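Residues per chain are reported as follows:
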Amino acid sequence: MPLQDIPVPLWIAFWGFIGLLIGSFLNVVIHRLPRMMEEEWKAECQQFINPEAPRTSVTISLLHPRSRCPHCDHAIQWYENIPLVSYVMLRGRCSACKQPISTRYPIVELITAGLFAWCAAQHGYSAACVLWSIFAAALLSLALIDWDTTLLPDSITLPLLWLGLIGAALGWSSNSLLPHFWGAVVGYTSLWSIYWAFKLLTGKEGMGFGDFKLFAALGAWFGWQALLPIILMASIVGSVVGLILKLNASLRPGGYIPFGPFLAGGAFACLFLGPQTIMMGIGL
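Q: Help me out: how do you make sense of the overall build of the protein in this one?
A: In terms of regular secondary structure, the protein is built from 10 helices and 0 strands. Starting at the N terminus and walking to the C terminus, you meet the elements of the protein as α-α-α-α-α-α-α-α-α-α. Counting only C-alpha atoms, the protein reaches 60 × 55 × 45 Å along its principal axes. Relative to its full complement of 284 residues, the protein shows a buried share of 39%.

Shown next, in the form of structure tokens:
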């Protein structure tokens, strides 16, 4: 059957199922990528201190070793790793030691499935559907990695930036490249300028360089017109969350709150509602 002849509800269900599988892989990315980066940094530091010493190899990747229970080191079998189904069948506990499995795993799978299904409903059978699904998966990964570790890996932010520009250039996500090009430029330089102004005034760093790259990537995807509603949403929600954490004495050491998750939240709001709706909701 030609792809265009598949009923739309069936296509949405199928693409949502693909999202469920991708969500399972995102759990691996969110957990392992920061550890891979830390191992790489340690190897580089050791090589710098002692250039003649053999380079230490990174022992973990996204595919190796097999997933294991963090409590008892039980190797997860393939039938224990079926997205969502295995969690339900195991009743949220390790089959060996019976310790609870984090609810984040099925939640990430369900959210990714929902994002993919939404992209399928919005864009049908098209390159735009695939493109925006990749965007949603990458953005979800970045938000959770940054929340956990305050890191925004270049291995995700930079490809996301280029993919946004390429998608606009090919007409898959926009009819014009120019607003997206300037979105990337303004996204990066605006936060870069704020960073240096804050540092010169206070002597402190208010955000990381990963935030510049992420904001540039969002500009590349949405165009420069969406940057203001994204940053306003991120700032408002981030301030509220920061206040709640402070009142509950839940702030991290140094009182630092990663900004990436709130930038991602503003971007998802633009994706679902549109920049104009956000500006009207804020009252601008």
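Q: Just checking my understanding: could you explain helix α8 (residues 227-247) for this structure?
A: Since there are 3.6 residues in each turn of an α-helix, residues three or four apart along the chain are aligned in direction. Between the first and last C-alpha of α8 there are 30 Å, a value that for 21 residues agrees with the 30 Å anticipated at 1.5 Å per step. Of the positions making up α8, those classed as buried are L227, P229, I230, I231, A234, G238, G242 and L245.

Q: Looking at this structure, I do not really get the environment of Y125. What am I missing?
A: Residue position: Y125 is located in the loop between α3 (104-123) and α4 (127-149). Taking relative accessible area as the criterion, Y125 reaches 28% and is therefore assigned partly exposed. On a C-alpha basis, the gap between Y125 and W11 in space is 7.9 Å, while along the polypeptide they are 114 residues apart.

Q: Could you clarify how one ought to interpret the packing of α3 against α4 in this entry?
A: Describing two packed helices takes the angle between their axes plus the distance from one axis to the other. Running from amino to carboxyl end, α3 crosses α4 at an angle of 150°, the nearest separation of the two axes being 9 Å. Overall, the two elements α3 and α4 adopt an arrangement that is roughly antiparallel. By crossing handedness, the relation of α3 to α4 is classed as right-handed. Within the contact between the two elements, α3 uses R104, V108, I111, T112, L115, F116, C119, A120 and H123 and α4 uses A128, C129, W132, S133, A136, A137, L140, L144 and D148.

Q: How should I be thinking about the pattern of salt bridges in this particular structure?
A: Opposite charge on two side chains makes pairing possible when the charged atoms of those side chains draw close. Across all of its chains, the model carries 3 salt bridges by this definition. The partner of K213 in a salt bridge is D154, and the shortest N-O contact between them spans 2.8 Å. With K213 in helix α7 (residues 209-222) and D154 in helix α5 (residues 154-169), the pair connects residues that are 59 residues apart, well separated along the chain. Between K199 and E205 there is a salt bridge, with the nearest N and O atoms lying 3.4 Å from each other. When its relative accessible area of 26% is taken as the criterion, K199 is described as partly exposed.

Q: Even after reading the chapter, I still don't get the packing of helix α1 (residues 8-49) against α3, so can you show me in this structure?
A: The interhelical angle for the contact between α1 and α3, taken along N-to-C directions, is 140°, at an axis separation of 7 Å. The pairing of α1 with α3 is recorded here as oblique in orientation. α1 and α3 meet at a crossing whose hand is right-handed.

Q: Teacher, can you tell me more about the packing of aromatic side chains here?
A: For the coordinates displayed, the defined rule picks out 18 aromatic pairs. Pairing W132 with F222 gives two aromatic rings, centres 5.6 Å apart and planes at 50°, and the pair type is tilted. Separated by 90 residues along the polypeptide, W132 in helix α4 and F222 in helix α7 bring together distant segments of the chain. For F222, a relative accessible area of 18% gives the class buried. Between Y188 and F212, the ring centres sit 5.6 Å apart and the planes meet at 85°, which makes this aromatic pair edge-to-face. Placement of Y188 in helix α6 (residues 178-202) and of F212 in helix α7 is noted, with a sequence separation of 24 residues between them. With a relative accessible area of 0%, F212 lands in the buried category.

Q: Help me out: how do you make sense of α3 in this one?
A: In this model α3 runs 28 Å from its N-terminal to its C-terminal C-alpha over 20 residues, within 8% of the 28 Å that 1.5 Å per residue would give. Among all positions of α3, only P106, V108, E109, T112, A113, L115, F116, A117, C119 and A120 are buried. Turning to α3, the residues buried within the fold contact α1, α2 (85-89), α4 and α9 (260-273). Backbone geometry just after α3 places G124 at a positive phi near 60°.

Q: Help me out: how do you make sense of the nonpolar core in this one?
A: The biggest cluster of nonpolar side chains holds 61 residues, and the ones touching the most others in it are F135, L218, F222 and L263. Elements supplying a minimum of two residues to this core: α1, α3, α4, α5, α6, α7, α8 and α9. A per-element tally of this core places α4 first, with 14 residues. Excluding anything up to four places from it in sequence, F135 contacts L160, L218, W221, F222 and A267.

Q: So what exactly am I meant to see when it comes to the environment of T157 here?
A: Of note, T157 is situated in helix α5. Under the relative-accessibility criterion, T157 is labelled buried at 1%. If we skip the residues at most four places from it in the chain, T157 touches L142, L152, K213, L214 and A217.

The rules behind the values
- Numbering of residues starts from 1 in every chain and runs along the sequence as written.
- Reporting in this predicted model follows two pLDDT cut-offs: at least 70 for local features of residues, and 80 or more for side-chain atom pairs to be given and counted; totals over whole chains, interfaces and linings ignore these cut-offs and use all residues.
- Remark: hydrogens and water are excluded; side-chain values derive from all non-hydrogen atoms of the structure.
- Strands are runs of DSSP state E lasting at least 2 residues, helices are runs of H or I lasting at least 4, and numbering of each runs from the N terminus.
- Classification of residues uses two cut-offs on accessible area relative to the type maximum, computed with a 1.4 Å probe and protein chains only: under 20% is buried, over 50% is exposed, and between them is partly exposed.
- By definition here, a helix of n residues has an expected span of 1.5 Å times n minus one.
- Fitted lines through C-alpha atoms serve as axes, helices being fitted only where they are in contact, and the angles separating the N-to-C directions of these axes extend from 0 to 180 degrees.
- To sort the angles, those under 35 degrees are grouped as roughly parallel, those over 145 as roughly antiparallel, those from 65 to 115 as roughly perpendicular, and the leftovers as oblique.
- Crossings are assigned a handedness: left-handed for a near helix turned anticlockwise from the far helix by less than a right angle, right-handed for a clockwise turn.
- The contact criterion used throughout is that any non-hydrogen atoms of two residues lie within 4.5 Å.
- Salt bridge, as used here: a side-chain nitrogen of Lys or Arg that lies within 4 Å of a carboxyl oxygen of Asp or Glu.
- Any Phe, Tyr or Trp ring, taking Trp's six-membered ring, that has another such ring centre within 6.5 Å forms a pair; planes under 30 degrees apart are called stacked, those over 60 apart edge-to-face, and the others tilted.
- Note on terminology: a nonpolar core comprises buried Ala, Val, Leu, Ile, Met, Phe, Trp, Tyr and Cys residues joined through side-chain atoms within 4.5 Å.

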